[in-house]
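As a plain string of letters, each chain reads:
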Amino acid sequence: MAMNPDLRKEREAATFSTELLTHVLDGGAERTRRRKEIEALVFNDPDFQHEDVNFLSRSERYALAIKKSAYMIMKLRELGIADPDEIYWFKSICIGTYSAPIGLHYSMFMPTLENQCSVAQRKKWLPLARGFQIIGTYAQTEMGHGTHLRGLETTATYDPATQEFILNSPTVTSIKWWPGGLGKTSNHAIVLAQLHTQGQNHGLHAFIVPIRQLGTHEPLPGITVGDIGPKFGYDEMDNGYLKMDNFRIPRENMLMKFAQVEPDGTYVKPLSAKLTYGTMVFIRSIIVGDSARSLARACTIAIRYSAVRHQSELKPGEPEPQILDYQTQQYKLFPLLAAAYAFHFLGAYMKDTYRRITADINEGDLREMPELHALSAGLKAFSSWIANAGIEECRMACGGHGYSRCSGLPDIYVNFTPSCTYEGENTVMMLQTARFLIKSYTQVSSGQLVSGMVSYLNDLSGQRIQPQQVAARPATLHINNPASLVEAYQLRASRLVEFAAKNLQAELNRRRSKEDAWNRTSVDLVRASEAHCHYVVVKLFTSKVSEIGDPATQAVVNNLCLLFALYGISKHSGDFLQGGILTDAQVTQVNQRVKELLALIRPNAVALVDSFDFHDSFLGSVLGRYDGNVYENMFEWAKKSPLNKTQVHESFHKHLKLMQAKL
């Protein structure tokens, strides 16, 4: 089909090169070239062509996902693709918009082996995992406990007589519940269990546990394992349960890079207990990038469709305008587009930071580990909350057609929304970040200086900024200067951290226990963490804009950066007013500038989502097609419904006809 004229017009009106912006997003022209090359390998391979999964049963969808996963692994080996980023690109296109039952093998099982195995264990287990002789998952969450790791009940008791650990699920709430790939796919699991040796509980440790017989795939004696059933989404994923009854594994199956149990049962503790949680930090860092991609896909669908869809009248008697011309539609979608760009750069920063600090940890330098934990927890929560709500906003912005599975938006939503709870429920994640912020504030209050992303708290020591100076700040705010907006967000974060810290101390002064005081201040603590995360995102987005060399590209991304920052101020204006950071007049200015930015971004909106460079097969949306031919293809999609295989459904003869005759 020819290109929809509305989309052709939109692309011709763009003021920048989408190709150059794609290079910025990918990290360079060569990376874009290589990504496209790898994607083409999948799109041109008949083994990866398949029917629309929306018309398949759950069992069929699981079987298809396993089939595609098996092809994918063989093709990766055949093509010699070994670079982690290239593997990620290939996997993303192979699996498409859905979840892969072997996903946790790549994202959690293998990284845990790589980061927590001793040298001898790496030699044994990694070749097996890389060659898929063993397929693994990560079994942490239990039916009764998830984010509260210390509450996990699964036990691993060491028996020095046989040099084995005995694993048990002592209660119904201790049954491992939710791990992806556990139900039917995996034959091994990294199991998190309470380590008992010489009569003492040494807390959570990780163990490699075989769960199915190699070759037959039957569960091993002492193992009860299966699928937990249908969920809100993730129809291809066999999220599972695991119950262990006196199941024995060799001593060497405890991951022993950081902590060890010697043959006689002596426990050797790690440098830091948090080293055991490295895989979760890794996944939280990955979720930030997933937030960007999922929100970017939703924005691409909603903005392209809004350029194609014509509705109502702006002026009586004139043709129906594109709904993207309505300011209210722009106000729904453009801040989300700006957030998608912000989270893309944030995701790249988190990936680089994780790799850098992990390398330091492996060298024995643990200094930055607390901030990495705090950043990954808070930014995971911050980005996934916004992306989750944003995907649903995009669906509603597409009107009734957004409710159809053909739009792609329901699947994006149901497959992304678990990230708000897995790898740490978001509110609890914000409270973990708050612990780091309060600790940093306490250090500053005692005269110490802190570094990293919390260094702004040093200003609270009074060494550089006095309270009377803060009151003079509003006059210096420049709403078109991103650096000035970064300063405003910094002052907001600083104020809310101090506010939460003082309220916490006030509760402690009332002779409340630490735990009770923390609970009674938790709303303030979450607000402080959100403000800190918001500051970090604005700061990083602003920094990235300054690195873009092409003036036209920089100008359009700068508008997105300004919109992201100003929209955030508009939505949280009470914080900025109450803290004396902005005046009434300045908030009015901010709200006006947001509307002006909507108009400035409007001519480039379609080109900005085109720059994400999502292939139609990956986007999985009739509404978001690159060519814009929505209605013809929606009709063709509907005709494929299994209900349309016959003109008269069998239920007519079995029930409706009988009912009519009797009535």
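See the structure printed just above.
So, how was this worked out
- Residues numbered from 1 in each chain as written.
- Predicted model: local features only at pLDDT ≥ 70, side-chain atom pairs only at ≥ 80, totals over all residues.
- Heavy atoms only, no water.
- Helix = DSSP H or I, 4+ residues; strand = E, 2+ residues; numbered from the N terminus.
- Rg over C-alpha atoms; globule rule 2.2 N^0.38 Å.
- Buried < 20%, exposed > 50% of the residue type's maximum accessible area, 1.4 Å probe, protein only.
- Contact = heavy atoms within 4.5 Å.
- Areas by Shrake-Rupley, 256 points an atom, 1.4 Å probe, with all protein chains shown as cover.
- Lys, Arg positive; Asp, Glu negative; His and termini not counted.
- Charge placed at Lys NZ, Arg CZ, Asp CG, Glu CD.
- Phe/Tyr/Trp six-rings, centres within 6.5 Å; stacked < 30°, edge-to-face > 60°.
- Lys NZ or Arg CZ within 6 Å of the ring centre and 35° of its normal.
- 1 Å grid on protein atoms, 1.4 Å probe; cavity = no way out; pocket = protein on both sides within 12 Å on 5 of 7 lines; lining within 4 Å.
- Points joined across faces, edges and corners; volume = space filled by probe spheres on them.
- Nonpolar A, V, L, I, M, F, W, Y, C, P; charged D, E, K, R; others polar.
- Salt bridge = Lys/Arg side-chain N within 4 Å of Asp/Glu carboxyl O.
- Pairing = 2+ DSSP bridges.
- Expected span 1.5 Å × (residues − 1).
- Core = buried A, V, L, I, M, F, W, Y, C linked by side-chain atoms within 4.5 Å.
- Arc of directions from axis to C-beta.
- Axes fitted to C-alpha atoms, helices over the stretch in contact; angles between N-to-C directions.
- Left-handed = near helix turned anticlockwise from the far one by under 90°.

Before going further, it helps to examine the overall build of the chain. The helix and strand inventory of the chain stands at 23 helices and 11 strands. The C-alpha radius of gyration of the chain comes to 27 Å, within 12% of the 26 Å expected for a compact globule of 663 residues. Considering only C-alpha atoms, the chain reaches an extent of 90 × 80 × 60 Å along its principal axes. Every one of the 663 residues in the chain was classed for burial, and the buried ones make up 54%. Put simply, 74% of the contacts in the chain that link residues at least 6 apart link residues at least 24 apart. As presented, the chain carries roughly 29,400 Å² of accessible surface, and 54% of it is formed by carbon and sulfur atoms. Side-chain charges of the chain comprise 70 positive and 67 negative groups, with the mean position of each set lying 3 Å from the other.

This next bit is on the packing of aromatic side chains. As enumerated under the stated definition, the model contains 19 aromatic pairs in all. Centre to centre, the rings of Trp177 and Tyr241 are 5.9 Å apart; their planes meet at 20 degrees, and the pair counts as stacked. Here the residue Trp177 occupies a position in strand β4 (residues 176–177), and Tyr241 occupies one in strand β8 (residues 240–244), the gap between them amounting to 64 residues. Ring pairing ties together the aromatic residues Phe343, Phe345, Phe382, Phe541 and Phe564, which thus form one cluster. A cation over a ring is seen here: Arg435 above Trp518, with NZ or CZ 4.1 Å from the ring centre. Above the plane of the ring of Phe499 lies Arg495, whose end atom (NZ or CZ) is 5.9 Å from the centre.

Another point: the layout of surface pockets. A water-sized probe rolled over the atoms picks out the places where empty space is left. Estimates place the volume of the second largest pocket at around 810 Å³. Lining the second largest pocket are 29 residues, and of these His50, Asp52, Asp616, Ser617 and Gly620 sit closest to its centre. Partitioned by chemical class, the residues of the lining of the second largest pocket number 12 nonpolar, 9 polar and 8 charged.

So, about the pattern of salt bridges. A full pass over the atoms with the stated rule returns 41 salt bridges. Salt-bridge contacts for Asp85 lead to Lys351; the nearest nitrogen and oxygen are separated by 3.2 Å. On the criterion of sequence distance, the pair formed by Asp85 in helix α5 (residues 84–95) and Lys351 in helix α9 (residues 327–362) is long-range, its members being 266 residues apart. By relative accessible area, Asp85 is classed as buried at 14%. Given the relative accessible area of 28%, Lys351 is considered partly exposed. Note that Arg512 is salt-bridged to Glu507, the shortest N-O span being 2.5 Å.

Here we take up the pairing of strand β6 (residues 200–210). Of the pairings in the sheet, the one linking strand β5 (residues 188–197) to β6 comprises 9 bridges and is antiparallel in character. Across the sheet, residue Val191 finds its bridge partner in β6, namely Phe207. Hairpin remark: β5 followed by β6, antiparallel, with 2 residues in the connecting loop; positive phi at Gln198, about 50 degrees.

In a regular helix each residue adds 1.5 Å, so 29 residues correspond to 42 Å; helix α10 (residues 369–397) covers 41 Å between its end C-alpha atoms and thus fits that length. Here α10 lies mainly inside the structure; 22 of its 29 residues are buried. Gly399, located one to two residues past α10, shows a positive phi value of around 65 degrees.

Met72, Tyr341 and Phe541 are the most contacted members of the largest nonpolar core, which has 140 residues in total. At 13 residues, the largest contribution of residues to this core is made by α9. Setting aside residues up to four positions removed in sequence, Met72 forms contacts with Phe48, Phe90, Lys91, Cys94, Ile95, Ile102 and Tyr106. Among the nonpolar cores identified, the runner-up in size contains 29 residues, and Leu152, Leu255, Met280 and Ile361 belong to it.

Attention now moves to the sheet that holds strand β7 (residues 223–227). Ordered in space as β4-β8-β7, the 3 strands form an open sheet in which the pairing is antiparallel. The sheet is open, and its two edges are formed by β4 and β7, each paired on a single side. Bridge count between β7 and β8: 5 bridges; the pairing is antiparallel. By the bridge assignment, Asp227 is partnered in β8 with Gly240.

Mapped onto the elements of the fold, Ala389 is located in helix α10. Using a relative accessible area of 48% as the deciding quantity, one classes Ala389 as partly exposed.

Let's shift gears to helix α7 (residues 119–130). Given a rise of 1.5 Å per residue, 12 residues ought to cover 16 Å, and the 16 Å separating the end C-alpha atoms of α7 matches this to within 8%. Within the sequence span of α7, burial applies to Gln121, Trp125, Leu126 and Ala129. Burial along α7 is one-sided: seen end-on, the buried residues are contained in an arc of 105 degrees. For α7, the exposed residues lying more than 90 degrees away from the buried face are Val119, Ala120 and Lys123. Those residues of α7 that are buried lie in contact with α6 (103–116), β5 and β6. Positive backbone phi, approximately 60 degrees, marks Phe132, located one or two places after α7.

Their axes nearest at 9 Å, the elements helix α17 (residues 551–571) and helix α19 (residues 584–601) cross at an angle of 145 degrees. Judged by the twist between their axes, the crossing of α17 over α19 is left-handed. Within the contact between the two elements, α17 uses Asn559, Leu560, Leu562, Leu563, Leu566, Tyr567, Ile569 and Ser570 and α19 uses Val590, Asn591, Arg593, Val594, Leu597, Leu598, Leu600 and Ile601. Residue composition of the contact of α17 with α19, by class: 12 nonpolar, 3 polar and 1 charged.

The next point concerns the environment of Leu540. Structurally, the position occupied by Leu540 is in helix α16 (residues 522–547). In this structure Leu540 comes out as buried when scored by relative accessible area, which is 14%. Taking the C-alpha atoms as reference, Leu540 lies 8.0 Å from Ala342; in sequence the two are 198 residues apart. When sequence neighbours within four positions are dropped, the list of residues in contact with Leu540 reads Leu346, Tyr349 and Met453.

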